[in-house]
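Below, each chain spelled out in residue letters.
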Amino acid sequence: MRNIPRRRRHECRRGTPRACATKTVMMCLLCFPLFAAEPDWPGVEKHALELLQKYVRIASVNPPANTVEAAALIKGELEAAGFTPKLYSSGPDGQTNLIVRLPGRDRSKKPLLLLNHFDVVPVDAKAWGMDPFAAIIKDGQIWGRGALDMKGLAVEQMTALIELKRAGIVPPRDIVMLSTCDEESNGKLGIQWMVNNHFDELDPAYVLDEGGAGSRELFTPGKLVFGIAVGQKQSLWLRLSAKGTAGHGSQPIADNANTILMDAIRKAMNAPPATKPVPVVEEMKRAVGGTFANNKFINATLDNTMSLTTLQSGVGSPAKVNVIPSTAEATIDCRLLPGVNADEFQSDIKARINDPRVTVERLSEPVDAGVSSAGTPLFAAMRTALLKEHPTAVVMPMLVPYGTDEVRLRIRGIPSYGFMPMVLDTATIATMHSDQERIPVVEFLRGIRIYFDVLRSDY
Ligand SMILES: [Zn+2]
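Residues numbered from 1 in each chain as written. Predicted model: local features only at pLDDT ≥ 70, side-chain atom pairs only at ≥ 80, totals over all residues.

Turning to the overall build of the protein chain, a few remarks are in order. Tallying secondary structure elements over the protein chain gives 12 helices and 20 strands in all. Relative to its full complement of 459 residues, the protein chain shows a buried share of 42%. Long-range contacts, defined here as pairs at least 24 residues apart, represent 79% of the contacts in the protein chain between residues at least 6 apart. (Helix = DSSP H or I, 4+ residues; strand = E, 2+ residues; numbered from the N terminus. Buried ≥ 20, exposed ≤ 12 C-beta atoms within 10 Å, placed from the backbone. Contact = placed C-beta atoms within 7 Å.)

Turning next to the sheet that holds strand β7 (residues 141-143). Overall, antiparallel pairing links the 3 strands, which are arranged β6-β7-β20 in an open sheet. For this open sheet the edge positions go to β6 (137-138) and β20 (438-440), each flanked by a neighbour on one side alone. Sheet analysis places β6 next to β7, joined by 2 bridges and oriented antiparallel. Counterpart to Lys138 in the pairing with β7 is Gln141. (Pairing = 2+ DSSP bridges.)

Regions with low pLDDT should not have their predicted coordinates read in detail. When pLDDT is averaged along the protein chain, the result is 93; 92% of the residues meet or exceed 70. Predicted confidence is poor over residues 1-34, with pLDDT under 50, and the contacts of this stretch with residues over four places away or in other chains come to 36 contacts. (pLDDT = per-residue confidence, 0-100.)

It is worth spelling out the nonpolar core at this point. With 109 residues, the main nonpolar core has Leu113, Leu161, Ile228, Leu240, Leu261, Ala264 and Met398 as its most contacted residues. Per-element tally for this core: the top contributor is helix α3 (residues 147-166), with 11 residues. Setting aside anything within four residues of it in sequence, one finds Ile228 in contact with Gly212, Phe379, Met382, Val395, Pro397, Met398, Tyr417, Gly418 and Phe419. (Core = buried A, V, L, I, M, F, W, Y, C linked by C-beta atoms within 7 Å.)

In terms of strand pairing, strand β12 (residues 234-243) meets strand β16 (residues 327-336) through 10 bridges, oriented antiparallel. Residue pairing across strands places Leu236 opposite Cys334, the latter belonging to β16. Where strand β14 (residues 305-313) meets β16, 8 bridges bridge the pair, whose relative direction is antiparallel. Paired with Thr305 across the two strands is Arg335, which belongs to β16.

To continue, consider the packing of α3 against helix α12 (residues 441-455). Where α3 meets α12, the closest approach of the two axes is 8 Å, and the angle between their N-to-C directions is 45 degrees. Between α3 and α12, the angle is such that the two are oblique. You can see that α3 and α12 cross each other, and the crossing is right-handed. In this structure, α3 contributes Gly152, Glu156, Gln157, Thr159, Ala160, Leu161, Glu163 and Leu164 to the contact, and α12 contributes Phe444, Gly447, Ile448, Tyr451, Phe452 and Leu455. (Axes fitted to C-alpha atoms, helices over the stretch in contact; angles between N-to-C directions. Parallel < 35°, antiparallel > 145°, perpendicular 65-115°, else oblique. Left-handed = near helix turned anticlockwise from the far one by under 90°.)

Right, let's get into the pairing of strand β4 (residues 96-102). Of all 7 residues that make up β4, 5 are buried, and the element is covered over most of its length. In this sheet, β4 lies alongside strand β3 (residues 86-89) in antiparallel orientation, the contact comprising 4 bridges. Bridge pairing in β4 places Ser89 opposite Thr96. Counting the residues between successive antiparallel strands, the hairpin from β3 to β4 contains 6 residues, one of them, Gly94, with a positive phi of roughly 85 degrees. Looking at chain direction, β4 and strand β8 (residues 175-180) are connected through 5 bridges and run antiparallel. Residue pairing across strands places Arg101 opposite Val176, the latter belonging to β8.

In this section: the sheet that holds strand β17 (residues 358-362). One open sheet accounts for 4 strands, arranged β14-β16-β12-β17; its pairing is antiparallel. The open sheet is flanked by β14 and β17, the only strands paired with a single partner. Across this sheet, the average inter-strand angle for adjacent strands is 20 degrees, counted without regard to direction. Packing of helix α5 (residues 257-268) onto the sheet brings it into contact with β12, β14, β16 and β17, and relative to β12 it is tilted by some 150 degrees. Taken strand by strand, helix α8 (residues 342-353) contacts β12, β16 and β17, and its axis lies near 165 degrees from that of β17.

Here you go:
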């Protein structure tokens, strides 16, 4: 007590760092019971690193999204810290979701929701050159499926939440963490199931989820830029089916289903560039200083995109080389900017193909949830926390080219942000859903402190 310097900065139960206004130590006694200890960061970091390794070693692959073991690990961690997490079984094959809540100062306010997912996508094990579920630490990185998407971020969120409680810091509103079981297959038994069946236990004012990142090269070369995701693109998945006449490969015919399909794909994918400016993309451009980097991530952020993802044709298994099939199919994964009408986009494709022998069928329900405002106190808190660690960085709202669970909450008008407070290079970001997925240890640990700073802010 005697060693407390006068007018020192401290945490009070109101959650915000402020300079103590009292002149002497004795006068500060009023505040004393409200003091919050700083976390023991070296100990916290050691534990978080080991926890992430344990978490990655649980192969919670989707399908089938059996997340019993992953949920048990996270539940145990939370219970050890004095929380009361609840599990929700949403499917017959071990699909399990988890909710935990830290009460805030003003219980009448809707909570901040920390959203993450237990499941990971499958691996092409032989392309890894290592066990994808060993979570080894090598070259300053943790290697393994889910290290980046998104067990690393989930451990950051949870560790920050636990340390807030341990430090006795009461956040301005409740904080709820939801871990879902099947983000990697559109969230039917995860976020959608929780929203449909237990929305009263969530009902958030804000959402923090995956998406966004910091990078010195991803957005523009040579400048540290953090993008906080405020919106995402819509997924429009299409199947093109061509019908022709079967025949002998020795005698070419005009209505060969394969050539009809090839022609249709070429026309379908020849979409004109989007013409309507997207305000968040314009803002990104201003923030990076006018010039974007040239890479697949940025290119996909700037326009509607189409990827030819599957082709199916042939008769017999293995398909015969000397048989012309009567049908051929392809799927195209279209990702549309916010504000683009998916029905119109699809009918334009049909009009470009303009061939009665080709059908265009929709395989997904695109969601245009719009863009969350970057003008909220929570966005300001994220900006402040990032700049504390990286004073020269540019912080901007951004659009991400992929879909995440938060879209199910943004569509309800809830400000939802993809907040990944780590500096990553383009090659590391590209390992999500790919081989050699990894997360830099230093950035993983720094992300915990940044999340901690955000959670103890006013929002
Ligand atoms: Zn993810």
